Amino acid sequence: MRSEPAAEAPDRILAMLDLGLFVATVAIWGTTWLAIALQIGPVPVLTSIFYRFGLAAILLLPALALTGRLTRLDRRGHLFVALQGLFLFSLNFVCFYNATRFIPSGLVSVVFSLATLFNAVNARLFFGEPIARRTLVAAALGVGGLVVLFAPSILADGLGAEAPIGLGLAALGTLSFSLGNMVSRRNSKAGIPPLTANAYGMAYASVALFALLGVTGTPIVAPPDATYVAALLHLAVLGSIVGFTTYLMLVARIGSDRAAYATVMFPIIALVLSAAFEGYVFDLGTVIGLALALLGNVVAFAGVPTMRRRRAVT
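Residues numbered from 1 in each chain as written. Predicted model: local features only at pLDDT ≥ 70, side-chain atom pairs only at ≥ 80, totals over all residues. Heavy atoms only, no water.

Caption draft 1: Structural view of the overall build of the protein. For the protein, the helix and strand inventory stands at 13 helices and zero strands. Counting from the amino terminus, the protein carries its helices and strands in the arrangement α-α-α-α-α-α-α-α-α-α-α-α-α. What you see for the protein is a C-alpha radius of gyration of 20 Å, in line with the 20 Å of a compact globule of 314 residues. Principal axes of the C-alpha set define a box for the protein whose edges measure 65 × 55 × 40 Å. Split into buried and exposed, the 314 residues of the protein put 46% on the buried side. In the protein, of all internal contacts separated by at least 6 residues, the share reaching a separation of at least 24 is 91%. Surface exposure of the protein reaches about 15000 Å², of which carbon and sulfur atoms provide 70%. Side-chain charges of the protein comprise 20 positive and 12 negative groups, with the mean position of each set lying 13 Å from the other. (Helix = DSSP H or I, 4+ residues; strand = E, 2+ residues; numbered from the N terminus. Rg over C-alpha atoms; globule rule 2.2 N^0.38 Å. Buried < 20%, exposed > 50% of the residue type's maximum accessible area, 1.4 Å probe, protein only. Contact = heavy atoms within 4.5 Å. Areas by Shrake-Rupley, 256 points an atom, 1.4 Å probe, with all protein chains shown as cover. Lys, Arg positive; Asp, Glu negative; His and termini not counted. Charge placed at Lys NZ, Arg CZ, Asp CG, Glu CD.)

Structure representation (structure tokens):
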């Protein structure tokens, strides 16, 4: 039996790790929609976002400190993790949640899927990386797939006169998410571990969200029942601590443009779960949209270089 070359085995392991991080991110974020839906009720949206990241910070910061895994940061480090928190854990969520007041949630998902393009352009602006043709093709397939998937619901709900406001908020939220990706890349290059950056970033985001609660006069309503608390725990622990850590690790490993393809895939997971629990019926359009998105996934990740290979050429 021919043995595998020594250099290829570690590369294959790293590639499997990248795939595992991507699958974990998509699977986790694909379930958060259900937890968010369970929180709709007497608690204002802004308050729920504050609860989510406040709880995540309260859980993560002491855990890292007690286990000796919380990296000490200088003033500049704190500034950049605060920016990461502002873009990734507060501003983008506020924009997306408010966008759904004006346009269907499916259309918000389509706009958010443009994060792949936003990241490619911002990586060019901030890091001088060329925009790969593969990225453009994958993004076109992914966004096209989501358009086909959500077109029926978007047409059924219709677009009102305030649709431009919703589209603008969704685009601003996507830009915020992308800028958070860029700051995260900077933090990783500066040697700040994703867990430390997330812990401090979520703490700073919570402070910003608390201030926004005061400015807007939004009441802090106590969690109404056990269902809300269970959904909050899911969003704080899995959706925030675990999901954002796996995603930002992926950004550091394979690049922000390919990692952002998760924004195309997790709405599909949400549809699959909707079919399982809410009676959503797959039709021809669903199959075509799913096929386009998966094809884009193949284009985005075929031949993705591992960290070891990238380092060999830098």
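Caption draft 2: Broad picture of the side chain of Thr174. Within the secondary structure, Thr174 sits in helix 7 (residues 163-189). Judged by relative accessible area, Thr174 falls into the buried class, the value being 0%. Within polar-contact distance, the side chain of Thr174 engages the backbone oxygen of Ala170 at 2.8 Å. Thr174 has contacts with Phe96, Val111, Phe112, Leu114, Ala115 and Phe118, leaving out every residue within four places of it along the chain. (Polar contact = N/O pair within 3.5 Å; in protein donor to acceptor, adjacent residues only side chain to side chain.)

Caption draft 3: Inspection of the pattern of salt bridges at higher detail. A full pass over the atoms with the stated rule returns two salt bridges. Of the charged contacts, one joins Asp18 and Arg253 as a salt bridge, the two residues approaching to 2.4 Å between their closest N and O atoms. Here Asp18, found in helix 1 (residues 8-39), pairs with Arg253, found in helix 9 (residues 226-254); they are 235 residues apart in sequence, far enough to count as distant. Take Asp18 and Arg253: they sit in the same class, and that class is buried. (Salt bridge = Lys/Arg side-chain N within 4 Å of Asp/Glu carboxyl O.)

Caption draft 4: Structural detail: the confidence of the model for the protein. Across the protein, the average pLDDT comes to 86, with 91% of residues at or above 70. Element-level mean pLDDT values for the protein span from 41 in helix 13 (residues 307-312) up to 97 in helix 8 (residues 194-216). This model gives residues 305-314 a pLDDT under 50, and the stretch forms 14 contacts once residues within four places in sequence are excluded. (pLDDT = per-residue confidence, 0-100.)

Caption draft 5: A look at the packing of aromatic side chains. In this structure the tally under the stated criterion is twelve aromatic pairs. Measuring from centroid to centroid gives 6.1 Å for Phe50 and Tyr51, while their planes differ by 40°, and the two rings are tilted. There is no split in this pair, since Phe50 and Tyr51 are both buried. The structure contains a cluster of three or more aromatic residues connected by ring pairs, namely Trp29, Phe53, Phe89, Phe93, Phe96, Tyr97, Phe112, Phe177, Phe244 and Tyr247. Note that Arg185 overlies the ring of Phe127, its terminal NZ or CZ placed 4.3 Å from the centroid. (Phe/Tyr/Trp six-rings, centres within 6.5 Å; stacked < 30°, edge-to-face > 60°. Lys NZ or Arg CZ within 6 Å of the ring centre and 35° of its normal.)

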